[in-house]
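Examination of the molecular architecture
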Amino acid sequence: MAAYLCAPAVIHGEHSVKTSEIVAEVRDRHPDAAWAPRVDGIAASTGIETRGWMLPLKSAVAPGNGGALGAAGLGAARQALVREGFAEQDAERVIAALGAVPAPQTVQERTAPAWEAVQSYGERAARGALQIAGLDASDVDCLITSNSTTPALPGLDVALANRLPLRGDTMLLPATQWACVAGTRSLALAADLVAADPDRVVLVVISEALSTTYQPADDTLESLIVRLLFADTAVAAVVTGRPRPESVLRLDAAWHHTLPGTQDLHRLETRADGTHFVMDRRGPRAVQETVTAMWEWLRVRYEDDPASWHPDVLLAHPGGTRVLEYMEQTMPDAWPAGLLEYSRDSYTTGNRGGAAVFDILRRAHDAGQKAGSRAVLYAAAPGLTATALEGEWL
């Protein structure tokens, strides 16, 4: 495989949103929700005190520009009132009151500013990654992009091709629906591309505004958890087929795994008020199954030397602390403790979706890794699908 990865650029959402602010907002909006008496404990259990968003919290909770009924609805309501015997003056007062009732934001109102932010953050991350790699935009032969939360056509790939700008013959590979697995799967694809042509330069950019799944009107427990978990981040990195002075990790092997019949456990649904992330409580158990399958892949890969080999760092985005705990409980006893240190550290400031593995990798890189140390990168995503890579620090 032998693909070479430069250190990633990571751009966190610039608007700090405290968990206490989210708790105050949902408590005020849903005082009678079934989970209301437990909201403080639920929030504390996430271990997240603050997260960065591309847009401020007030943007997510603001009402829409139109009234609750809209112009057509108000007209129909006026006619109905008159038919029921209301005087014109009384009907007008009722209509005025209805017109003052705020409407939820439309999908366009919610996603348009987020899409602009995704492009801007993605550009910043891309330029940062190129600077880290000592390259220019004109050196890029292939661009892989992923963003699942702000659908658009043309997508982030075309936007960045124009913003950077890239050469006209640069291969553009958008992967809109990779979601949480984008970090590992984009690197696996990049590795395949440079294996076919070692002189190829691949730029990977992942930009996610997960805060767009914050839905103020939704009073389900799952929606509360989504509000508390997600952060916005853009990341980027350069992958080459030959080592560069700036290369920090060699990728040696990739593994993919998809569980049949699990496509409904986690999903995005587009409704009248925007995008909703829907979670099923069976999700963590399904993710654990992919972890077990990954352990088996590593066991077989190193079955000739099982006693002496172990990763020196495990860069894992399993979506939550429960699966991180499962990983620690099920990894071989001989492996050292603390392999998930950087994964846990990243999670304390939010679930970054597809950008998470690059953020975790950056934290490990900044902490310093010895040349020759082994790394395993892992992520799972809605589907339920997972990708892992194994490599060596340079």
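Residues numbered from 1 in each chain as written. Predicted model: local features only at pLDDT ≥ 70, side-chain atom pairs only at ≥ 80, totals over all residues. Heavy atoms only, no water.

As annotated in an unreviewed UniProt entry, the chain is Type III polyketide synthase from Streptomyces violaceorubidus.

**Here we look at the overall build of the chain**
Here is the rule: Note on conventions: DSSP H or I runs of at least 4 residues are helices, E runs of at least 2 residues are strands, and numbering of each starts at the N terminus. Computation of the radius of gyration draws on C-alpha atoms, with the globule rule given as 2.2 Å multiplied by the number of residues to the power 0.38. With a 1.4 Å probe rolled over the protein chains alone, any residue whose accessible area is under 20% of its type maximum counts as buried; one over 50% counts as exposed, and the rest are partly exposed. Residue contacts are counted whenever heavy atoms from the two residues lie within 4.5 Å of one another. All accessible areas in this document rest on Shrake-Rupley with a 1.4 Å probe, and a residue is counted as covered only by the protein chains that are shown. The convention is simple: Lys and Arg are positive, Asp and Glu are negative, and His and the chain ends are not counted. For this purpose, a charge sits on NZ of Lys, CZ of Arg, CG of Asp or CD of Glu.
Scanning the chain from N- to C-terminus turns up 13 helices and 14 strands. Over its C-alpha atoms the chain spans a radius of gyration of 24 Å, differing by no more than 12% from the 21 Å that the globule rule assigns to 394 residues. Over its C-alpha atoms, taken along the principal directions, the chain stretches across nearly 90 × 50 × 35 Å. Residue burial in the chain is summarised as follows: out of 394 residues, 54% are buried. Within the chain, contacts between residues at least 6 apart in sequence are counted, and of these 80% link residues at least 24 apart. Accessible surface computed for the chain: about 17100 Å², of which carbon and sulfur atoms make up 52%. Within the chain, one finds 34 positive and 48 negative side-chain charges whose respective centroids are separated by 2 Å.

**Some thoughts on the packing of helix α6 (residues 107-133) against helix α7 (residues 156-163)**
We apply this condition: To obtain each axis, a line is fitted to C-alpha atoms, and for helices this fit is confined to the stretch in contact; angles are then taken between N-to-C directions over 0 to 180 degrees. Angle categories are assigned with fixed cut-offs, so that under 35 degrees is roughly parallel, over 145 is roughly antiparallel, 65 to 115 is roughly perpendicular, and the rest are oblique. Crossing handedness: left-handed means the near helix sits turned counterclockwise from the far one by under a right angle, and right-handed means the same turn made clockwise. Gly is put with the polar residues, along with every residue not named as nonpolar or charged; the nonpolar set is Ala, Val, Leu, Ile, Met, Phe, Trp, Tyr, Cys and Pro, and the charged set is Asp, Glu, Lys and Arg.
For the pair α6 and α7, the least separation of the axes is 10 Å and the interaxial angle reads 55°. The angle between α6 and α7 places the two elements in the oblique class. In this structure, the crossing between α6 and α7 has a hand that is right-handed. Contact residues: α6 offers W115, E116, V118, Q119, S120, G122, E123 and R127, while α7 offers L156, A159, L160 and R163. Within the contact of α6 with α7, the residues separate by chemical class into 5 nonpolar, 3 polar and 4 charged.

**Side note on the packing of aromatic side chains**
The description of an aromatic ring pair rests on the distance of the ring centres and on the angle between the ring planes. The condition that has to hold: When the centres of two rings from Phe, Tyr and Trp lie within 6.5 Å, Trp using its six-membered ring, the rings pair. Their planes under 30 degrees apart give stacked, over 60 give edge-to-face, and anything left gives tilted. Ring-over charges, as used throughout, are those where CZ of Arg or NZ of Lys falls within 6 Å of the ring centre and within 35 degrees of the ring normal.
Summed over the entire model, instances satisfying the criterion amount to 6 aromatic pairs. Aromatic side chains W53 and Y214 sit 5.5 Å apart centroid to centroid with 75° between the ring planes, which places their arrangement in the edge-to-face category. Taken as a pair, W53 in strand β4 (residues 50-53) and Y214 in the loop between β7 (201-208) and α9 (221-229) lie far apart in primary sequence, 161 residues in all. Grouping residues by exposure puts W53 and Y214 together as buried. Taken together, W295, Y302, W309 and W335 form an aromatic cluster joined through their ring pairs. The ring centre of Y121 lies 4.9 Å from the NZ or CZ of R124, which sits over that ring. A cation over a ring is seen here: R227 above Y214, with NZ or CZ 5.2 Å from the ring centre.

**Some thoughts on the UniProt feature "domain: Chalcone/stilbene synthase N-terminal" (unreviewed entry) in the chain**
What counts is decided by this rule: UniProt positions are given in the numbering used here, feature names are shortened, and annotations may be inferred rather than shown by experiment.
Residues annotated in UniProt with the feature "domain: Chalcone/stilbene synthase N-terminal" (unreviewed entry) correspond here to residues 105-242. Secondary structure content for residues 105-242 is 43% helix and 18% strand, while the C-alpha to C-alpha distance between its ends is 49 Å.

**Looking at α9**
With 7 of 9 residues buried, α9 is to be regarded as a mostly interior element. Those residues of α9 not exposed but buried are L221, S223, L224, V226, R227, L228 and L229. Elements that come into contact with the buried residues of α9 comprise α1 (19-29), α2 (39-45), β4, β11 (274-279) and α12 (341-347).

**Topic: the side chain of Q119**
Mapped onto the elements, Q119 comes out in helix α6. Residue classification places Q119 among the buried residues on the basis of a relative accessible area of 10%. Setting aside residues up to four positions removed in sequence, Q119 forms contacts with L156, A159, L160 and R163.

**Topic: the side chain of H30**
Under the convention used in this document: We define a polar contact as two N or O atoms separated by no more than 3.5 Å, with the added condition that, inside protein, one atom must be a possible hydrogen donor and the other a possible acceptor, whereas residues neighbouring each other in sequence contribute only through side-chain atom pairs.
Along the polypeptide, H30 turns up in the loop between α1 and α2. Of the polar contacts made by the side chain of H30, one reaches the backbone oxygen of P216; its length is 2.7 Å. In this structure H30 touches W35, A36, P216, A217, D218, D219 and R227, once residues within four positions along its chain are discounted.

**Brief notes about the pairing of β7**
As a reminder of what qualifies: For two strands to be treated as a pair, DSSP must find no fewer than two bridges joining them.
The buried fraction of β7 is high, at 8 of 8 residues. With 5 bridges joining them, strand β5 (residues 142-146) and β7 adopt parallel strand pairing. Following the sheet pairing, I144 is matched in β7 by V204.

**Here's the deal with unusual backbone geometry**
A cis amide bond links L164 to the next residue, P165, at an omega of -15°. Turning to its location among the elements, P165 is positioned in the loop between α7 and β6 (171-174). Here the amide bond leading from G383 into L384 is cis, since omega sits at -10°, within 30 degrees of zero. By the secondary structure assignment, L384 is in the loop between β13 (374-381) and β14 (385-393). For A179, which is not glycine, the phi dihedral falls at a positive 55°. Along the chain, A179 turns up in the loop between β6 and α8 (182-196). Overall, A179 belongs to the buried group, its relative accessible area being 17%.

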